[in-house]
Structures are given as structure tokens and as C-alpha cells.
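Each chain is listed here by its residues.
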Amino acid sequence: MLHQIQETAAFLKKVFPHPMPETAIILGTGLGELVNHIDITKEIAYEDIPHFPVSTVEGHSGKLIFGSLGRKGIVAMQGRFHFYEGYDMKQVTFPVRVMKELGIKHLFVSNAAGGMNPDFAVGDLMIIRDHINLFPEHPLRGRNFEELGVRFPDMSEVYSKRLIGKAVQIAAAHDIVVRQGVYVGTQGPTFETPAEYRYFRIIGGDAVGMSTVPEVIVARHGGMEVFAISVITDLGVEGIVEKASHEEVQKAAAAAQPKMSLIMKELIEQF
Ligand code: HPA
């Protein structure tokens, strides 16, 4: 694994012969609009990057984008690898390993999620304060490479309090309501049954989704500072569990995008 990470990083350094950014962004389902704010220097399709998996959702193959937001150099993943697509956890998190090898120190993540907190509404933004990992395979399972991180990583502050504080200030300055809560990461691809939403609420979750947790664990293993935000695209609140579909998730994500993009953009420019 180490060898592949190094090869991919070396390849990217060759095709992007500029100072490497220290900030990376992973954009979630229907949340690619932030890309429009990026001053793009170089784009590379995943299929052209050695050892990179190729994303399959809705036929969109993803790409890696190098550029800047404000004066901050960034690298962004448009399209991510989900466990439910059939990738194993090493593949799902491979890009984050490569980011670390490139010198990335800060990771910003967005996703679409179902809300279990009864105070939430469709279209709300939820800053992830903590998570519960319910994926059936752990991304750090197997031999640990000390070069990548410690065997038993601390998880007491996965989501940077510093960045959460700044995001809250930015939201307030723009009169954008933001929630904070616990994200439950599940394998999917099914949405939840009413009983499962209730269960995730009881164990302490505010929202549930099928991504983010593996990437974030690997980022923390590598010592990156992490910020993540969910767009609530459907509700799994007891008594009002609605029918969820991929189309509706995309539609709700698209509608909430401008406020999410604004917060991410300002946060990344300012942090
Ligand atoms: N459950 C799981 N993943 C999701 C949901 C949901 O309700 N909404 C968007 N992604």
C-alpha cells in the first residue's frame, strides 16, 4: 500500500509542478457547486491517476482539481468512492492517503445526510461535531504503517473545534442557520427503515449518511485537521419518516448548496 501511495503522489507532483496546497476538499453528492468558486489550475480525471479507483455513481467519473479559493491553494475531489459501490476501505480512503503524502494538513468534507433530530428540516446544514462509525469494516484494519500514523489513533477531537467555531461565526455573519450534531456513518446503499432511524437517534445520532467517516478516520490517522458539514436532504424523524430517493437527495442538496458553498468558501479562505 505504501508503495502505491508514494507512486501516486509522485505522479501528481509531476503533473502539478507547483507548490503543493496544504488544504483539501472532498465534495459530496450534489454538492459540487463549490467548484465554480475555485480558480482552477489543473484538473486530472481519476482514470488518469495511477492506482486511483474510478467512481461509478450515476456514471460520473470524478476528477481531482488543483487551484485556489481566495488566496488559499487547494486540491479538491469532485466525486468520492463509497463503500457501497464495492470498493474496499483501502480504496475508499486511498485518495486521503495520497493527500497526506502530498503534504495536505487540513481536510474539508461535505455530504448529504438524512436527519434524525426532530428539530431538523430538509435543507438544513449540520456541522459535524462528532461521528459514530457503523461501517462493517474499519479503514485502519490490517497492518499499520508507522509512517502513516499510529496503531491506535486518538479520536477525542476528530472535528476541529477551532474550525467549527469559525464556521459558526461565518454562518452567523450571513444569517445562515447552522445546526451541529453527530453523524452516523453506515454502509448503505439502502436508506434506513423507520426502526433504523429510531435506533440511530437513540444511540446519539443527529444525521445519517453513507460516506465521510472512513475518509475522516484516515485523515485523523495522518494528523490532518478536519472540518465536515452535512446537508440534510431527507428526514428520518419518528412519525414523519418520508420516502427517500437518490433524486430527492440530489434535489435537496442542490437547493441548499449556495449556503453550504458560502460557508465552506469563506472558511477555507480565512482559517
Ligand atoms: N440515509 C443514509 N444516507 C443518506 C440519507 C439517509 O437518509 N440521505 C442522504 N444520504
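Preceding this section is the structure that the text describes.
Calculation criteria
Think of each chain on its own: its residues are numbered from 1, step by step along the sequence as written. Reporting of local features is limited, given that this is a predicted model, to residues whose pLDDT is at least 70; pairs of side-chain atoms are given and counted only at 80 or more, and all residues count toward the totals for whole chains, interfaces and linings. For the side-chain quantities, the full set of heavy atoms in the structure was used; hydrogens and water were omitted. Going along the chain from the N terminus, every DSSP run of H or I of four or more residues is numbered as a helix, and every run of E of two or more is numbered as a strand. The globule rule is 2.2 Å times the number of residues to the power 0.38, and the radius of gyration it is compared with is taken over C-alpha atoms. Only protein chains enter the accessibility calculation, which uses a 1.4 Å probe. A residue is then buried if its area is under 20% of the maximum for its type, exposed if over 50%, and partly exposed in between. Note on definitions: a residue-residue contact is assigned when non-hydrogen atoms from the two residues lie within 4.5 Å. In short, Shrake-Rupley with a 1.4 Å probe defines the accessible areas, and a residue's cover is counted only from the protein chains shown. Consider each residue's heavy atoms; a residue with any of them within 4 Å of a molecule or strand counts as near. A 3.5 Å cut-off defines polar contacts: any pair of N or O atoms within that distance qualifies, except that in protein one atom must be a possible hydrogen donor and the other a possible acceptor, and neighbouring residues in sequence count only when both atoms are side-chain atoms. Amino acids are sorted into nonpolar (Ala, Val, Leu, Ile, Met, Phe, Trp, Tyr, Cys and Pro), charged (Asp, Glu, Lys and Arg) and polar (every other residue, Gly among them). Only centres within 6.5 Å qualify two rings of Phe, Tyr or Trp (six-membered ring in Trp) as a pair; their planes then separate them into stacked at under 30 degrees, edge-to-face at over 60, and tilted for everything else. In plain words, nonpolar cores are sets of buried Ala, Val, Leu, Ile, Met, Phe, Trp, Tyr and Cys residues tied together by side-chain atoms within 4.5 Å. To obtain an axis, a line is fitted to C-alpha atoms, over the contacting stretch when the element is a helix, and the angle between two such axes runs from 0 to 180 degrees between their N-to-C directions. Should the near helix be turned anticlockwise from the far one by less than a right angle, the crossing is left-handed, and should it be turned clockwise, the crossing is right-handed. The working definition used for a salt bridge is a side-chain nitrogen of Lys or Arg within 4 Å of a carboxyl oxygen of Asp or Glu. Only residues whose relative accessible area exceeds 30% and that form no salt bridge enter a patch; like-charged residues are grouped when within 9 Å of one another, and nonpolar side chains (Val, Leu, Ile, Met, Phe, Trp, Tyr) when within 5 Å. Angles are sorted into four bins: roughly parallel if under 35 degrees, roughly antiparallel if over 145, roughly perpendicular if 65 to 115, and oblique for all others.

Participant: Requested: an account of the overall build of the protein chain, with residues and values cited.
Facilitator: Scanning the protein chain from N- to C-terminus turns up seven helices and nine strands. A compact globule built from 271 residues should have a C-alpha radius of gyration of about 18 Å, and the protein chain, at 17 Å, falls within 12% of that. By principal-axis analysis of the C-alpha atoms, the protein chain measures approximately 55 × 40 × 35 Å. The 271 residues of the protein chain split such that 52% are buried. Sequence separation of 24 or more characterises 83% of the internal contacts of the protein chain that already satisfy a separation of 6 or more. Of the roughly 11900 Å² that the protein chain leaves accessible, carbon and sulfur atoms contribute 51%.

Participant: Kindly report on the site of the ligand, identifying the contributing residues and their values.
Facilitator: Taken together, the residues surrounding the ligand are Ala112, Ala113, Gly114, Phe191, Glu192, Tyr197, Val208, Gly209, Met210, Thr233, Asp234 and Val249. The contact in question runs from a nitrogen atom of the ligand to an N or O atom on the backbone of Gly114, over 3.2 Å. At 3.5 Å, a side-chain N or O of Thr233 approaches a nitrogen atom of the ligand. Only strand 5 (106-115), strand 8 (207-209) and strand 9 (225-235) provide two or more residues apiece to the shell around the ligand. Top element by residues in the shell around the ligand is strand 5. It accounts for three residues. Looking at side-chain class alone, the shell around the ligand contains seven nonpolar, three polar and two charged residues.

Participant: I'd like to hear about the packing of aromatic side chains, residue by residue, with values.
Facilitator: What describes a pair of aromatic rings is the distance from one ring centre to the other and the angle between the planes of the rings. Evaluated as defined, the whole model comprises 10 aromatic pairs. On the numbers, 6.1 Å between centres and 75 degrees between planes, the contact of Phe52 with Phe81 is edge-to-face. Here Phe52 is found in the loop between strand 2 (39-45) and strand 3 (63-69), whereas its partner Phe81 is found in the loop between strand 4 (72-78) and helix 2 (89-92), with 29 residues between them in sequence. Of the residues examined, Phe52 reaches a relative accessible area of 9% and is grouped as buried. Look at Phe81 and you get buried, because its relative accessible area is 1%.

Participant: Got a sec to walk through the nonpolar core? Specific residues and values, please.
Facilitator: Ranked by size, the top nonpolar core spans 81 residues in total, and within it Ile25, Leu107, Phe108 and Phe227 carry the most contacts. Judged by nonpolar contacts, the second largest core, of five residues, contains Met116, Val184, Tyr197 and Val208.

Participant: A description of the packing of helix 1 (residues 2-15) against helix 3 (residues 94-102) should follow, citing residues and the corresponding values.
Facilitator: Contact geometry for helix 1 and helix 3: axes closest at 9 Å, N-to-C directions at 60 degrees. When you trace helix 1 past helix 3, the crossing you get is right-handed. Along its contact with helix 1, which presents Gln4, Ile5, Gln6, Thr8, Ala9, Leu12 and Lys13, the element helix 3 presents Phe94, Arg97, Val98, Glu101 and Leu102. For the contact of helix 1 with helix 3, a count of residues per class yields six nonpolar, three polar and three charged.

Participant: Let's hear about the side chain of Asp206: which residues, and what values?
Facilitator: Of note, Asp206 is situated in the loop between helix 5 (194-202) and strand 8. Relative accessible area serves as the criterion here: at 9%, Asp206 is assigned to the buried category. Here the side chain of Asp206 touches Asn117 through a polar contact of 2.9 Å, side chain to side chain. Those residues within four positions of Asp206 in sequence are excluded, and the remaining contacts are Gly114, Gly115, Met116, Asn117, Phe120, Met126, Gln180, Gly181, Val182 and Arg201.

Participant: How would you explain the pattern of salt bridges if you had to name every residue and give the values?
Facilitator: Side-chain pairs of opposite charge can arise whenever the charged atoms involved come near each other. Taken as a whole, this structure holds seven salt bridges when the rule is applied. Linking Glu43 and Lys63 is a salt bridge whose minimum nitrogen-to-oxygen distance equals 3.4 Å. Taken together, the positions of Glu43 in strand 2 and Lys63 in strand 3 put the pair 20 residues apart, joining distant regions of the chain. Judged by relative accessible area, Glu43 falls into the partly exposed class, the value being 40%.

Participant: Outline a nonpolar patch on the surface, supporting the account with residue identities and numerical values.
Facilitator: A surface patch of nonpolar side chains, amounting to about 370 Å² of accessible area, comprises Leu134, Tyr199, Ile202 and Ile203. One can find Ile203 in the loop between helix 5 and strand 8.

Participant: Let's hear about the packing of helix 4 (residues 161-173) against helix 7 (residues 246-270): which residues, and what values?
Facilitator: One way to put it is that helix 4 packs onto helix 7 with a least axis distance of 10 Å and a crossing angle of 125 degrees. Considering their axes alone, helix 4 and helix 7 lie oblique with respect to each other. Seen along the crossing, helix 4 lies across helix 7 with a hand that is right-handed. In this structure, helix 4 contributes Leu163, Lys166, Ala167, Ile170 and Ala171 to the contact, and helix 7 contributes Ile263, Glu266, Leu267 and Gln270. Tallied by class, the residues present in the contact of helix 4 with helix 7 amount to six nonpolar, one polar and two charged.

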